[in-house]
Amino acid sequence: MPPLPIWQFDVLLLILVVLFAVVALSIRNLMGAAVVFGAYSFMMCLIWAGMGAVDVAFTEAAVGAGVSTVFVVSTLYNTSATMRSRPGGLAFKLFIGLVVTIAGAFLLSALPDFPKWGASDSPVNAKVAPYYILNTIADSHVPNVVTSVLADYRGFDTLLETTVVFIACIAIYSILRVDKAKLETGEPAAAPVPRYDPGDSLIVRQASRFMVPFMQLFALYVIAHGHYSPGGGFQGGVILGASLILLAISFDLKSLLRQWSEKTLMLLVAAGVFLYAAVGLACMFMGGDYLDYVFLDSILPGEKDMARSHGILLVEIGVGITVMFSMIAIHINLASNGRFDRGL
Amino acid sequence: MDFLGYILISSGVVFFLGTTIGLLRFPDFYTRMHAAGKGDTLSTVMILIGCICLNPAQEDGSGLLLALKILLIINFIFIGSPTATHAMMDAGNKAGATPWRKDSK
């Protein structure tokens, strides 16, 4: 069997990515730009999968092509879907072009200093990666090296990544959230233009009601099975969040807010990061370093290697909780224009 | 079994081609969505069933899980894709897209 034409496929995908990027920037209708941007993300997802980075591809598909498209659409719902102001004149455009060209030239000039892609004698592939690949089973019983690197060997990075999601959610919340009391005394808010409401349709409601439990089950599988297959807290959390966002879109925002009040949502966003940090602190109390799960072996079942495996599971659950409720809180903020009453 | 798989996948690709042509050539919003919704669902399902035929479940149980997962995906596409088409049609109707008639233009 001849080898698959994999690099030709990559070149095709890269051409499509550049094409979609240009189209997304030049299109005047912002709703169209959002859709093209989703397609761009999906092409990136295929490229990651082709490079063997299945976990990254999974995240790109869930976040880039899925939830962020919903975010853009719900932002457009409250603003306007057509671009009105034109950016600057010719001189301004030339200036921008000059800046971008110079910055790109700097970046390209640094390119020869990088080791060749996949070179076996580069520092990463010669020292660090072989250690992870050889020791991950003995250390933590986790065959998926990506998960053990993400949550165990480089647990600090992931803790800070989760904190970034948390901070993003808090930032959006504090910028968009409107105080109801202030709103009533101030000028009346502009009445929202009546638009298509999927909640009207029985078919959409029943179909999403049927799909949501399976989505949530799959998301739990992704979080819990991340040790053995692509997946983990980020991907599973996004899918869990997306399942509730689907409910919010196909029914209405109110029914989601009845289940998850604003206070519960924000508390849970913080609780996930707290769980992650608390696991780290527990390791310190047991006499080890921060996030050194080996020292949890006396309170977690199993031997030392299984303690690390369970520690990874605990922090992945923390990541999942934060990501899930951040996605929901961001969606509610964007869709209801910070009012937390009704919206897309 | 392999032969059946190839036939299913190639006819799925042919249906995809028909979907694309329909999407580009049909005169109005509704007929285009009709082509996209029906053709897309059918061809995706055919290609996925073809994939199951190329990796059939063996007697020792290998391939069974893969077939089951693909069946789940088929189930989802079968529900999700027509629902999305319906939602878009409904939205188009409410936004005032007029259906094409033989005597218009």
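Report on the accompanying structure. Note that the structure is predicted; figures quoted are calculated from it, not measured. (Residues numbered from 1 in each chain as written. Chains lettered and ligands numbered in written order. Predicted model: local features only at pLDDT ≥ 70, side-chain atom pairs only at ≥ 80, totals over all residues. Heavy atoms only, no water.)

### Quick word on the overall build of chain A
Part 1: From N to C terminus, chain A includes 13 helices and zero strands.
Part 2: Each helix and strand of chain A, placed in order from N terminus to C terminus, yields the pattern α-α-α-α-α-α-α-α-α-α-α-α-α.
Part 3: The long-range share in chain A, meaning contacts at least 24 apart out of those at least 6 apart in sequence, stands at 68%.
Part 4: For chain A, the centre of its 20 positive side-chain charges and the centre of its 23 negative side-chain charges are spaced 14 Å apart. (Helix = DSSP H or I, 4+ residues; strand = E, 2+ residues; numbered from the N terminus. Contact = heavy atoms within 4.5 Å. Lys, Arg positive; Asp, Glu negative; His and termini not counted. Charge placed at Lys NZ, Arg CZ, Asp CG, Glu CD.)

### As for the side chain of Asp152 of chain A
Residues and elements named next belong to chain A.
Part 1: One can find Asp152 in helix 6 (residues 145–153).
Part 2: By relative accessible area, Asp152 is classed as buried at 10%.
Part 3: Among all residues touching Asp152, those that are not within four sequence positions of it are Ser140, Thr147, Tyr293, Arg308 and Ile312. (Buried < 20%, exposed > 50% of the residue type's maximum accessible area, 1.4 Å probe, protein only.)

### Thoughts on the environment of Ile74 of chain B
All names here are of chain B.
Part 1: As for its position among the elements, Ile74 is in helix 3 (residues 64–95).
Part 2: A relative accessible area of 10% places Ile74 in the buried class.
Part 3: Measuring from C-alpha to C-alpha, the distance between Ile74 and Lys102 comes to 36 Å, with 28 residues separating the pair along the chain.
Part 4: In this structure, Ile74 is in contact with Val45, Leu48 and Ile49, ignoring residues within four places of it in sequence.

### Points about the pattern of salt bridges
Residues and elements named next belong to chain A.
Part 1: Going through the model one piece at a time under the given rule, you end up with four salt bridges over all chains.
Part 2: Of the charged contacts in the structure, one is a salt bridge between Arg154 and Asp157, with a shortest N-O distance of 3.6 Å.
Part 3: Of the residues examined, Arg154 reaches a relative accessible area of 39% and is grouped as partly exposed.
Part 4: The class of Asp157 is partly exposed, set by a relative accessible area of 37%.
Part 5: The salt bridge partner of Arg177 is Glu262, with a shortest N-O separation of 2.7 Å. With a gap of 85 residues between them, Arg177 in the loop between helix 7 (155–176) and helix 8 (180–185) and Glu262 in helix 12 (residues 262–285) connect regions that are remote in the sequence. (Salt bridge = Lys/Arg side-chain N within 4 Å of Asp/Glu carboxyl O.)

### Concerning the interface of chain A and chain B
Part 1: At the junction of the two partners, chain A supplies 11 residues and chain B supplies 11 residues.
Part 2: Taking both partners together, chain A and chain B bury about 930 Å²; carbon and sulfur atoms supply 79% of that area.
Part 3: Applying the counting rule to chain A against chain B returns zero salt bridges.
Part 4: Residue classes in the side of chain A that touches chain B are distributed as nine nonpolar, one polar and one charged. (Buried area = accessible area lost by both parts, 1.4 Å probe. Nonpolar A, V, L, I, M, F, W, Y, C, P; charged D, E, K, R; others polar.)

### With respect to the environment of Phe218 of chain A
Residues and elements named next belong to chain A.
Part 1: Mapped onto the elements of the fold, Phe218 is located in helix 9 (residues 202–224).
Part 2: For Phe218 and Gln235, which are 17 residues apart along the polypeptide, the C-alpha to C-alpha distance reads 11 Å.
Part 3: Sequence-distant contacts of Phe218, that is, excluding residues within four places in its chain, are made with Phe58 and Ile239.

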